[in-house]
Amino acid sequence: MAAWRINLHYPWWMRAPPPRPEPRLAMLRTLEAALLARGDVSLSGSAAACRPRAFPDEAVSTLNFHTVWTGPRNLHFKEAYLPGYFTFDPAGYSGWSANAGLRFDPASHDRAEAAAYFDRAVVRRFLVPQVSKCAQPARRAKIPRGGIFVALQVPRDKVLTLAHLDTRAMLEGCLARAPREPVVIKLHPRSRDPDFEAGIRALHDPAANVHVLDEPIDALIDAARVTVCINSGVGFEAQLRDGAVITCGASDYGALTWRPTTPAELAVALQRAEPPDPDLMRRHATWLLRDVFVDDTAPGWTDKVLDRLRRR
């Protein structure tokens, strides 16, 4: 029997590892080792994303990093919203993913089982030690309580094209609530746009109850009445912390969020948003983290990836 040909995309951080710790690198090296160890797999690699049709004379399966398209024999991989979790999806990531179109059925997840998984995989692993996807600074400033927390994303990030309301419209809608209630804004720690950052920081006006802060995500979420973003992973983190969440764009975690598509709908959501039922939230988290995403600390996770690829 001919070997199963798989082509693995090696991103720059695999070919020339950065000096800082790179969790994706450990994941991809583990996956590569698992593929090389299999007698039924013939592995090749490419420095660029490569579609299966690039191999016209062979039935080659492909694994590509941070890409978006739909086709047979391919999975797109990317880090998910919490360290150790990754997406391996046939269509892409975030709102482009096949995950985003899947139907979450609470009845398919036992209440007690979901509660146990959530306690083990979320509370103990992330919430208690206050672990987030991005490294967080030490807390320095006082955070106003009971208001709106707006989590901004990297300007011109591709996922912002999935927005129903862009960053400006989202900010305008939230700022309209001040000074009746505090509006707290945080820039993305990986933002590298000085003009955008200066414009956001210029909004800081405590007298008007508008605060641009660089405090830790968990503290900002816990202090807020509602968290607002386009499709940032911060929204998912807020949901895991029993927060009310408004997402102004398509995502793969939005089943339990408020999802306005117009400024008027955003105004209503800002007034009415409440957290989802805790039991429903735990079932949803179990579905997404355990069943949809891939946890690279779970036994047999590489087999899960290959089983998913084989079905493509």
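To keep things clear, this report deals only with the structure shown in the data block. Since the model is a prediction, treat every value here as computed from it, not as a measurement.

## Some thoughts on the overall build of the chain
Then, number 1: For the chain, the helix and strand inventory stands at eleven helices and eleven strands.
Then, number 2: Compactness check: the chain gives a C-alpha radius of gyration of 21 Å against a globular reference of 20 Å for 312 residues, within 12% of the reference.
Then, number 3: Once the C-alpha set of the chain is aligned to its principal axes, its extents read approximately 70 × 45 × 35 Å.
Then, number 4: Residues classed as buried in the chain amount to 52% of the 312 residues present.
Then, number 5: Long-range contacts, defined here as pairs at least 24 residues apart, represent 68% of the contacts in the chain between residues at least 6 apart.
Then, number 6: For the chain, the exposed area adds up to about 14600 Å²; of that, 53% sits on carbon and sulfur atoms.
Then, number 7: Averaged over its 41 positive side-chain charges, the chain has a centre that lies 1 Å from the centre of its 35 negative ones.

## Looking at the sheet that holds strand E6 (residues 147–151)
Then, number 1: Ordered in space as E8-E7-E6-E9-E10, the five strands form an open sheet in which the pairing is parallel. Both edges of this open sheet fall to strand E8 (210–212) and strand E10 (244–247), since each of them pairs with a single strand only. Ignoring strand direction, the axes of neighbouring strands in this sheet form an average angle of 20 degrees.
Then, number 2: Alignment of strand E9 (residues 224–229) against E10, held across four bridges, turns out to be parallel. Its bridge partner lying in E10, Cys229 is registered against Thr247.
Then, number 3: Contacting E6, E9 and E10, helix H9 (residues 263–272) crosses the sheet at an angle of about 150 degrees to E9.

## Quick notes on the packing of helix H2 (residues 23–37) against helix H11 (residues 301–311)
Then, number 1: Where H2 contacts H11, the two axes come as close as 10 Å, and the packing angle between them is 70 degrees. What the angle tells us is that H2 and H11 run roughly perpendicular. Counted together, Met27, Thr30, Leu31, Ala34 and Leu35 of H2 and Trp301, Thr302, Val305 and Leu306 of H11 form the full contact between these two elements.
Then, number 2: Here the residues of the contact of H2 with H11 are counted per class, giving seven nonpolar, two polar and no charged.

## Describing unusual backbone geometry
Then, number 1: Ala178 connects to Pro179 through a cis peptide bond whose omega is 5 degrees.
Then, number 2: With respect to the helices, strands and loops of the structure, Pro179 is situated in the loop between helix H5 (167–175) and strand E7 (183–186).
Then, number 3: The backbone phi angle of His66 is positive, close to 55 degrees, even though this residue is not glycine.

## A word on the pairing of strand E5 (residues 85–89)
Then, number 1: With five of five residues buried, E5 is to be regarded as a mostly interior element.
Then, number 2: Of the two faces of E5, both are covered, the one formed by Tyr85, Thr87 and Asp89 as well as the one formed by Phe86 and Phe88.
Then, number 3: Alignment of strand E4 (residues 74–79) against E5, held across four bridges, turns out to be antiparallel. If you follow Lys78 over to E5, its bridge partner there is Thr87.
Then, number 4: What sits between E4 and E5 in their antiparallel hairpin is a turn of five residues, with Gly84 showing a positive phi close to 95 degrees.
Then, number 5: Sheet analysis places E5 next to strand E11 (residues 294–295), joined by two bridges and oriented antiparallel.

Conventions we followed
- Residues numbered from 1 in each chain as written.
- Predicted model: local features only at pLDDT ≥ 70, side-chain atom pairs only at ≥ 80, totals over all residues.
- Heavy atoms only, no water.
- Helix = DSSP H or I, 4+ residues; strand = E, 2+ residues; numbered from the N terminus.
- Rg over C-alpha atoms; globule rule 2.2 N^0.38 Å.
- Buried < 20%, exposed > 50% of the residue type's maximum accessible area, 1.4 Å probe, protein only.
- Contact = heavy atoms within 4.5 Å.
- Areas by Shrake-Rupley, 256 points an atom, 1.4 Å probe, with all protein chains shown as cover.
- Lys, Arg positive; Asp, Glu negative; His and termini not counted.
- Charge placed at Lys NZ, Arg CZ, Asp CG, Glu CD.
- Pairing = 2+ DSSP bridges.
- Axes fitted to C-alpha atoms, helices over the stretch in contact; angles between N-to-C directions.
- Parallel < 35°, antiparallel > 145°, perpendicular 65-115°, else oblique.
- Nonpolar A, V, L, I, M, F, W, Y, C, P; charged D, E, K, R; others polar.

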